[in-house]
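# Per-entry structural report
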Amino acid sequence: WEAFAQVESAPYAATEKWRTKDNNANVVAVGRALAAQLTALGYTVVQDETAFEPPDLGTAYKRSLGMLEARQQSGEQYDLYIDLHRDAFAATAGVTRTVAIAGENVARFMVLIGRGTGQTGNGYTVKPDWQANLRIAQAITDNLNKQHERLCRDVKIKTGRFNQHIASKCVLIECGCNLNTLEEVLRGIPYLAVAIDETLISME
């Protein structure tokens with residue numbers, strides 16, 4: 001339900017500030033746009049649109065893990081797992097939120113990798129191959145910035161796991177932030193699709 005800045009021309013009903021269950025206004029819409037771009041490049045894309053936030057956002061990853069495990073058990077295999085989000089900042093954070101491309105503001109991206117060492121210091125029994133995932137994250141970042149300077153922020157490494165242990169080749173991609181508009185984010189999706197395509201080709 002992560003959503004973006006409200007604009008007068010495209011309002012949405014918020015479940016709380018910067019969140020909505022309207023899939024035409026939240027990150028599901030961004031996922032649909034990315035899926036369409038990757039499909040046009042020749043990929044078969046599966047986008048799961050299940051709302052895992054309710055009833056408790058804090059346990060959403062546990063519920064989404066069940067979905068991933070069920071898909072694997074049914075025989076589904078993927079070249080890349082993408083956990084799609086938008087970042088969040090206070091207006092005073094001083095983070096540059098857009099770059100100008102062809103006279104239009106385009107939201108910036110960031111790729112996040114988890115080491116699986118969090119949870120009050122106890123860590124996880126099963127950890128992701130975070131260094132392999134980091135190489136993919138860096139490649140996507142480089143391929144975005146090759147298209148336009150500073151389109152992607154530096155890769156972030158965190159202690160959490162983010163279900164990136166489910167298989168090799170897992171990344172979390174932050175598409176803009178709460179202070180970007182959906183339109184700014186969608187303008188960047190063709191660049192992201194190209195960066196993912198170039199990354200997957202380089203991994204063959």
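Check the entry above for the structure.
Because the structure is predicted, anything quoted here is derived from the model rather than measured. (Residues numbered from 1 in each chain as written. Predicted model: local features only at pLDDT ≥ 70, side-chain atom pairs only at ≥ 80, totals over all residues. Heavy atoms only, no water.)

## A closer look at the overall build of the protein chain
Within the protein chain, the secondary structure is distributed over four helices and six strands. Listed by position from the N terminus, the elements making up the protein chain come as α-α-β-β-β-β-α-β-β-α. By the compact-globule yardstick of 17 Å for 204 residues, the protein chain fits well, its C-alpha radius of gyration being 17 Å. By its C-alpha atoms, the protein chain is 45 × 40 × 35 Å across when sized along the principal axes. (Helix = DSSP H or I, 4+ residues; strand = E, 2+ residues; numbered from the N terminus. Rg over C-alpha atoms; globule rule 2.2 N^0.38 Å.)

## A short note on the packing of helix α1 (residues 27-40) against helix α4 (residues 182-203)
Where α1 meets α4, the closest approach of the two axes is 9 Å, and the angle between their N-to-C directions is 35 degrees. The interaxial crossing formed by α1 with α4 has right-handed handedness. Of the residues in α4, those in contact with Ala29, Val30, Ala33, Leu34, Gln37 and Leu38 of α1 are Leu182, Val185, Leu186, Ile189, Pro190, Leu192, Ala193 and Ile196. (Axes fitted to C-alpha atoms, helices over the stretch in contact; angles between N-to-C directions. Left-handed = near helix turned anticlockwise from the far one by under 90°. Contact = heavy atoms within 4.5 Å.)

## Some thoughts on α4
Across its 22 residues, α4 extends 31 Å between first and last C-alpha, which sits within 8% of the 32 Å expected from 1.5 Å per residue. Of all the bends in α4, the largest measures some 35 degrees and sits at Ile189, one to four residues before the proline Pro190. Restricting attention to buried positions, one finds in α4 the residues Leu182, Glu184, Val185, Gly188, Ile189, Leu192, Ala193, Ala195, Ile196, Asp197, Thr199 and Leu200. (Expected span 1.5 Å × (residues − 1). Bend = angle between axes of the 7 residues up to and from the residue. Buried < 20%, exposed > 50% of the residue type's maximum accessible area, 1.4 Å probe, protein only.)

## So, the pattern of salt bridges
According to the stated counting rule, one finds eight salt bridges in the structure shown. Between Glu183 and Arg187 there is a salt bridge whose closest N-O contact spans 3.0 Å. Here the residue Glu183 and the residue Arg187 both occupy positions in helix α4, the gap between them amounting to four residues, near one helical turn. One network of salt bridges, in which partners are shared, links Asp48, Arg71 and Glu76. (Salt bridge = Lys/Arg side-chain N within 4 Å of Asp/Glu carboxyl O.)

## Side note on the packing of helix α3 (residues 130-147) against α4
As a packed pair, α3 and α4 sit with axes 8 Å apart at the nearest point and diverge in direction by 130 degrees. Classed by the angle they form, the pair α3 and α4 counts as oblique. You can see that α3 and α4 cross each other, and the crossing is right-handed. Judged by residue contacts, Ile136, Ala139, Ile140, Asn143, Leu144, Lys146 and Gln147 of α3 engage Tyr191, Leu192, Val194, Ala195, Ile196, Glu198, Thr199 and Met203 from α4. (Parallel < 35°, antiparallel > 145°, perpendicular 65-115°, else oblique.)

## Brief notes about the sheet that holds strand β4 (residues 109-114)
Spatially, β1-β6-β4-β5 is the arrangement adopted by the four strands of the open sheet, whose pairing is mixed. With one partner strand each, in any of the chains shown, β1 (81-87) and β5 (156-158) form the two edges of the open sheet. Across the sheet, the mean angle separating the axes of adjacent strands is 30 degrees when strand polarity is ignored. Pairing between β4 and strand β6 (residues 170-177): four bridges, direction antiparallel. (Pairing = 2+ DSSP bridges.)

## Looking at the pairing of β1
Strand residues, when the strand is regular, have side chains that alternate between the two faces of the sheet. Counted residue by residue, β1 has five buried out of seven residues, so it is predominantly covered. Sheet topology places β1 next to β6; six bridges connect them, and they run parallel. From the neighbouring strand, Asp83 faces β6, where its bridge partner is Leu172.

Keep in mind these numbers describe shape, not what the thing actually does.
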